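Overview (structure and organization)
The primary structure of each chain is shown beneath.
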Amino acid sequence: MKVSLVWHSPSPERVIAVAMRRCYSTKPIEEIQAELDQKGEEYWRYLLMRALQDKSLDVIEHYCLELLLEGMEKNDVSHVAMAFPFAKFMMLNEKDWLLSMNARTLIEMWRDVRFKPFAASIVEELKGRGVGLLFNSVAFGA
Amino acid sequence: MRVKLLFHTDLEAIKRVLRSKNVSFDPEKVLDHVVYMFEIEDCSRVTTHQLVRHRLASYDQESQRFSSASREGSVTPVSIQSNESALKAYDVALKAAYEGFEKLTSLGVPKEDARYVLPSAIKTKLVMTVTARSLMHIVWQRTAMQAQWEIRDLVTKMMDLAKEATPELWAKIIER
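Notes on the structure in this doc start here. Every chain is numbered independently, its residues counted from 1 as its sequence is written. As they are written, the chains are lettered A onward and the ligands numbered 1 onward, keeping that order. Only residues with pLDDT of at least 70 get local features here, since the model is predicted, and only at 80 or more are side-chain atom pairs given and counted; chain-wide, interface and lining totals rely on the full set of residues. Derived side-chain values reflect all non-hydrogen atoms in the structure, with water molecules and hydrogen atoms excluded from consideration.

**Concerning the pairing of strand 1 (residues 2-8) of chain A**
Residues and elements named next belong to chain A. Note on classification: 1.4 Å probe, protein chains only; a residue is buried when its accessible area is under 20% of the maximum for its type, exposed when over 50%, partly exposed between these limits. Comment: elements are numbered from the N terminus, with helices defined as DSSP H or I runs of at least four residues and strands as E runs of at least two. For strand 1, the buried fraction is high: five of the seven residues fall into the buried class. Any two strands are treated as partners once DSSP identifies two or more bridges connecting them. Two strands pair when backbone bridges link them, and strand 1 and strand 2 (residues 64-70) are joined in this way by six bridges, in the antiparallel orientation. Note that in strand 2 the partner of His8 across the bridge is Leu65.

**Some thoughts on the pattern of salt bridges**
Just to be clear on terms, a salt bridge is a Lys or Arg side-chain nitrogen sitting within 4 Å of an Asp or Glu carboxyl oxygen. Under the definition given, this model contains 23 salt bridges over all chains. Arg2(B) is the partner of Glu30(A) in a salt bridge, and the nearest nitrogen-oxygen pair spans 2.8 Å. In this pair, Glu30(A) sits in helix 2 (residues 29-39) while Arg2(B) sits in strand 1 (residues 2-8), so the two residues belong to two different chains. Between Arg2(B) and Glu41(B) there is a salt bridge, and its shortest N-O distance comes to 2.9 Å. A residue pair is termed long-range when its members are at least 10 positions apart, and Arg2(B) in strand 1 and Glu41(B) in strand 2 (residues 35-44) qualify at 39 residues. For Arg2(B), a relative accessible area of 32% gives the class partly exposed. Residue Glu41(B) is classed as buried on the basis of its relative accessible area of 4%. Each member of the salt-bridge network shares a partner with another, and the members are Arg22(A), Glu30(A), Arg2(B), Lys4(B), Glu39(B) and Glu41(B).

**Section: the interface of chain B and chain A**
A contact between two residues is defined here by any heavy atoms of the two lying within 4.5 Å. Contacts between the two partners involve 36 residues from chain B and, on the opposite side, 35 residues from chain A. Between chain B and chain A we count six salt bridges in total. The partner of Glu30(A) in a salt bridge is Lys4(B), and the shortest N-O contact between them spans 2.7 Å. Under the rule applied, a polar contact is a pair of N or O atoms within 3.5 Å (in protein, one hydrogen donor and one hydrogen acceptor; residues adjacent in sequence only if both atoms are side-chain atoms). If you look at where chain B meets chain A, you find 13 residue pairs in polar contact (both at pLDDT 80 or more). Where the side of chain B that touches chain A is concerned, the elements lending two or more residues are strand 1, helix 1 (11-20), strand 2, strand 3 (57-61) and strand 4 (123-131) of chain B. For this scheme, ten residues count as nonpolar: Ala, Val, Leu, Ile, Met, Phe, Trp, Tyr, Cys and Pro. Four count as charged, namely Asp, Glu, Lys and Arg, and the remainder, Gly too, count as polar. For the side of chain B that touches chain A, a count of residues per class yields 16 nonpolar, nine polar and 11 charged.

Rendered as structure tokens:
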């Protein structure tokens, strides 16, 4: 099976940091974003680690992914779709699919031994594309 | 109230994939594959209680465990604003609630407990990520005339932003 990234939330770690700061700040979004930009990636890493430690995975749902899966059997798609109802598949032909999901689901797949190889193939594609490198490193040690 | 679209799925990227697989573009079929992330500021908690009933979305909202509360940070419905006696009664009730909040915190009660006296009129801020399919369902329900004015206003703003960003998907609202 081949995984190709079609689209992702722009600057995913910053998006997660924005969602996290939204919970604790009364400021307008532009001020939160400016603060996050000023504090930089190390602070985003800190927030991400806090979210994972506290199991506040809701903030990670804003990191969305659109993927092309080529050569995936219908049965395998059914298994993933049944286990992860927030993963949405669109059939393109017998073996090719569009998959829409968020990074929370990716973490949950990674933590489930049955689906870790599938999650790992997505993480590998993200890594190859240089997408969410900070996220990959904190969430998957990849 | 202010609504801002922070980002949305690049529909062209999806269309390129469809073309590469000789699949024709059908707006209804890609509704689960397009997401919008919104920032929503200064609507009441009355409205966000209604909004989060739409469960197929991701929400992160300003927590009252950490934020402050004041009369200025409250929404006043037009039906109250336009009625002098009602506005007076409303102000008295809100003043009592906010004074109660201040009193409790000054007595050492943590904000997370003092907030129990705060009114639903209080303004709030949140981010929301939602698929086009889920947003369409929200639009269908919450822009109806029987919906309350504030959520109708909020959802209309969200719909206008989504329409502008991805007009092809919004040629018709798919009723579900």
